[in-house]
Amino acid sequence: MKNPFYRIANALAGSMLAFMLTNCSAPEKKPIPKSYTVEIKAMEFQPAELSVQKGDTVQFVNHDILTHNVTEEKTKAWGSPSLAPGDAYKMVVSKSSDYYCSLHPVMKGKLVTE
Amino acid sequence: MIFAFSVFALAQEKPKLSDPEVAFVAVTANQIDIDFAGVAIQKSKDASVIEFANTMERDHKAVIAQATALAKKLGVTPKNNAVSKGMLANAEKTKKNLRSKSGTAFNKAYIDNEVAYHKAVIAAVENILIPETANSELKQFLQNVVPALKAHLMHAEMLQNNYK
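A. The arrangement of the sheet that holds strand β1 (residues 35-41) of chain A in detail. Residue and element names in this part refer to chain A. The four strands lie next to each other as β2-β1-β4-β6, forming an open sheet whose pairing is mixed. One side of each edge strand has no neighbouring strand; the edge strands of this open sheet are β2 (44-46) and β6 (88-92). Each strand axis lies, on average, 20° off the axis of its neighbour in the sheet, ignoring direction. Two strands pair when backbone bridges link them, and strand β4 (residues 57-62) and β6 are joined in this way by five bridges, in the antiparallel orientation. Residue pairing across strands places V58 opposite M91, the latter belonging to β6.

B. Seen up close, the interface of chain B and chain A. Each side of the interface is counted separately: chain B has 16 residues, and chain A has nine residues. Carbon and sulfur atoms make up 72% of the surface buried where chain B meets chain A, a total of about 1,100 Å² over both sides. Between the two partners, chain B and chain A, sit zero salt bridges. Counting the contacts that link chain B with chain A gives three residue pairs in polar contact (both at pLDDT 80 or more). Those elements giving two or more residues to the side of chain B that touches chain A turn out to be α3 (47-74) and α6 (136-160) of chain B. Sort the elements by how many residues they give to the side of chain B that touches chain A and α6 of chain B lands first, with nine residues. Across the side of chain B that touches chain A, the residue classes tally to eight nonpolar, five polar and three charged.

What counts and what doesn't
- Residues numbered from 1 in each chain as written.
- Chains lettered and ligands numbered in written order.
- Predicted model: local features only at pLDDT ≥ 70, side-chain atom pairs only at ≥ 80, totals over all residues.
- Heavy atoms only, no water.
- Pairing = 2+ DSSP bridges.
- Helix = DSSP H or I, 4+ residues; strand = E, 2+ residues; numbered from the N terminus.
- Axes fitted to C-alpha atoms, helices over the stretch in contact; angles between N-to-C directions.
- Contact = heavy atoms within 4.5 Å.
- Buried area = accessible area lost by both parts, 1.4 Å probe.
- Salt bridge = Lys/Arg side-chain N within 4 Å of Asp/Glu carboxyl O.
- Polar contact = N/O pair within 3.5 Å; in protein donor to acceptor, adjacent residues only side chain to side chain.
- Nonpolar A, V, L, I, M, F, W, Y, C, P; charged D, E, K, R; others polar.

Limitation: the analysis is restricted to geometry and does not speak to function.
Now the structure itself:
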């Protein structure tokens, strides 16, 4: 008959191993932030809807013939300065937003965080 | 309204225009809307109307600057012609009519005219100026302006709903 001390030690070792296997696996990898581009041309945001992860960067580039801006639509929580043709505005996305050009309110776009 | 219908009539008549004449008509059409905007900025007290007028002034000035630069690059000297003269004469009548109004009546008249004017100019650009332009760069420039005119029209129609 085995020594009770060894039986307890074996049980403890087994429990510890199980705990380590279930709880001490490698730390979860955070996704590497990605960069996206939204072109402004022919009086449209292209693409008009973009799905991104929180923390990703979106660059708006004005390839149109007129000055535009990019403004959060509901509360104007964020917005770019005026973007002359050729200008760009970069932002890190923290949440889903509807946006528009406040100079041309018919120009609308959407950022969707997954 | 008289002005808008005149331009539309011209679009249907399809007058023959050379590239220098097309360039002059394009600049004239933009300058006329800048002038209408100037009247609105002076007379209106509605923030959304003033904002719209500021956009018209800024955008059409930008288009004139680009058209002038392109004409210079291409060696085209814009030439006055019967179409542009007719447009200017009608614009004077429209401005006189706008200046005679005030308050809500002015805002309604200005926005109604902007809707009609942009519809007429889009028709004229698509049906006369683009088809009659020989130079490919000038033709491309006019094609690039059309989306802006259409966005202006949609913006004006949006405001028009406030004055129905």
